[in-house]
Amino acid sequence: MSTRRHKEAVLTQECFSQLERHQNIHLLQVGQIIREKGPWTNPILQAILKDSQLPRDEVDRYLSSEVPVFFELRVRYLLSSEMFTEAVVLAKTCSQHPVAGRHLFFRQAYLTCLLKASLPRHMHEEMSDIDGKDAVDIVCNTESEESDETLLALCTAFLSQQLHRETCTACGEARHCLYTSHRSVFYTGGDMYCMW
């Protein structure tokens, strides 16, 4: 082993020892996941991914057993593997959990999957209880991960929801976020297209 690799191995072991000594919750959870033979083997997770009906308290207990970022990583993996059905189910389940549901990523992923699956009616139903601030946050977070067309469709749907509710205090913020982030979408060949 080269001197550099040996130093890296020693440093990694020292870091691991420090985290272990301080009972780092994330390290303990990763250790538990590894002991369970990987991040996909839990029977409750398998049932969730198959959209099986489980008692809500069982699902909540399982989702509480790990930090939300571990479920976010699973959803991201499913999306990147184009396993949209499983991603939709897991994202929706996480978005309904009392703790994980506070992370807008799960709503964002769920709505994006519904949009990509051409289920606009379901998407609009799910958007109906999202307030303007969360809508703006979802749009701005989606910006770096999705195409302009997907982002524009989400913006249009959110703005439409806000206008229907007549609570358009966040509409100006959403327009500003959309416009400043995607000016090129609105300018084509010297013409400006405005949807407002």
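Let me sum up the structure you'll find in this document. For every chain, the first residue of its written sequence is number 1, and the numbers climb from 1 along that sequence. Confidence filtering applies because this is a predicted model: local features only for residues at pLDDT of at least 70, side-chain atom pairs given and counted only at 80 or more, and all residues used for totals across whole chains, interfaces and linings. Only hydrogens and water are set aside; all other atoms, that is, all heavy atoms of the structure, feed into the side-chain values.

### Regarding the pattern of salt bridges
- In the sections that follow, a salt bridge refers to a side-chain nitrogen of Lys or Arg positioned within 4 Å of a carboxyl oxygen of Asp or Glu. Tallying each qualifying case throughout the model produces 5 salt bridges.
- R76 is the partner of E145 in a salt bridge, and the nearest nitrogen-oxygen pair spans 3.2 Å. Taken together, the residues E145 in the loop between helix 9 (132–142) and helix 10 (148–165) and R76 in helix 5 (residues 68–80) connect sequence positions 69 residues apart.
- Only protein chains enter the area calculation, which uses a 1.4 Å probe; residues under 20% of their type maximum are buried, those over 50% are exposed, and those in between are partly exposed. The class for E145 is partly exposed, based on a relative accessible area of 36%.
- The residue D137 makes a salt bridge to K133 at a minimum N-O spacing of 2.9 Å. Here K133 and D137 lie together in helix 9, a separation of 4 residues that amounts to about one turn.
- Among the charged side chains, a salt-bridge network with shared partners connects E72, R76 and E145. Only DSSP runs of H or I reaching four residues or more are called helices, and only runs of E reaching two or more are called strands; each is numbered from the N terminus.

### Re the packing of helix 6 (residues 84–95) against helix 7 (residues 104–116)
- Convention adopted: a line fitted to C-alpha atoms gives each axis, helices being fitted over their contacting stretch, and angles between N-to-C directions are expressed from 0 to 180 degrees. Helix 7 packs onto helix 6 with a crossing angle of 145° between their chain directions and a minimal axis gap of 8 Å. Note on packing geometry: the crossing formed by helix 6 with helix 7 is left-handed. Where helix 6 abuts helix 7, its residues F84, A87, V88, A91, K92, C94 and S95 lie against F106, R107, A109, Y110 and C113.
- Residues were grouped as follows: Ala, Val, Leu, Ile, Met, Phe, Trp, Tyr, Cys and Pro as nonpolar; Asp, Glu, Lys and Arg as charged; and all remaining residues, including Gly, as polar. Of the residues assigned to the contact of helix 6 with helix 7, the class counts are 9 nonpolar, 1 polar and 2 charged. Note on convention: near helix rotated counterclockwise from far helix by under a right angle means a left-handed crossing. Clockwise means right-handed. By definition, residues are in contact when any of their heavy atoms lie within 4.5 Å.

### Observations regarding the packing of helix 7 against helix 9
- As a packed pair, helix 7 and helix 9 sit with axes 10 Å apart at the nearest point and diverge in direction by 70°. As the angle between them shows, helix 7 and helix 9 are arranged roughly perpendicular. Residues L104, R107, Q108, L111 and T112 of helix 7 pack against D134, D137, I138, N141 and T142 of helix 9.
- For the contact of helix 7 with helix 9, the per-class residue count stands at 3 nonpolar, 4 polar and 3 charged. Geometric relationships in this document are graded by angle, where less than 35 degrees denotes roughly parallel, more than 145 denotes roughly antiparallel, 65 to 115 denotes roughly perpendicular, and other angles denote oblique.

### Comments concerning unusual backbone geometry
- With a phi close to 60°, D51 is a non-glycine residue in the positive phi region.
- When you line up the elements, D51 lands in the loop between helix 3 (43–49) and helix 4 (56–64).
- One non-glycine residue, E82, lies in positive phi territory at about 55°.
- Within the element layout of this structure, E82 appears in the loop between helix 5 and helix 6.

### Brief notes about helix 7
- In a helix, the anticipated span is given by 1.5 Å times the number of residues less one. A rise of 1.5 Å per residue sets the reference length of helix 7, with its 13 residues, at 18 Å; its end C-alpha atoms lie 18 Å apart and thus fit the reference within 8%.
- Buried residues dominate helix 7, accounting for 11 of its 13 residues.
- Where helix 7 is concerned, the buried positions are L104, F105, F106, R107, Q108, A109, Y110, L111, T112, C113 and L114.
- In the segment just after helix 7, S118 is the residue with positive phi, at about 55°.

### A look at helix 4
- The set of residues buried in helix 4 consists of V59, D60, Y62 and L63. The buried residues of helix 4 occupy one face: seen down the axis, they fall within an arc of 160°.
- Along its buried surface, helix 4 packs onto helix 3, helix 5 and helix 6. Along the arc lie the directions from the helix axis toward the C-beta atoms.

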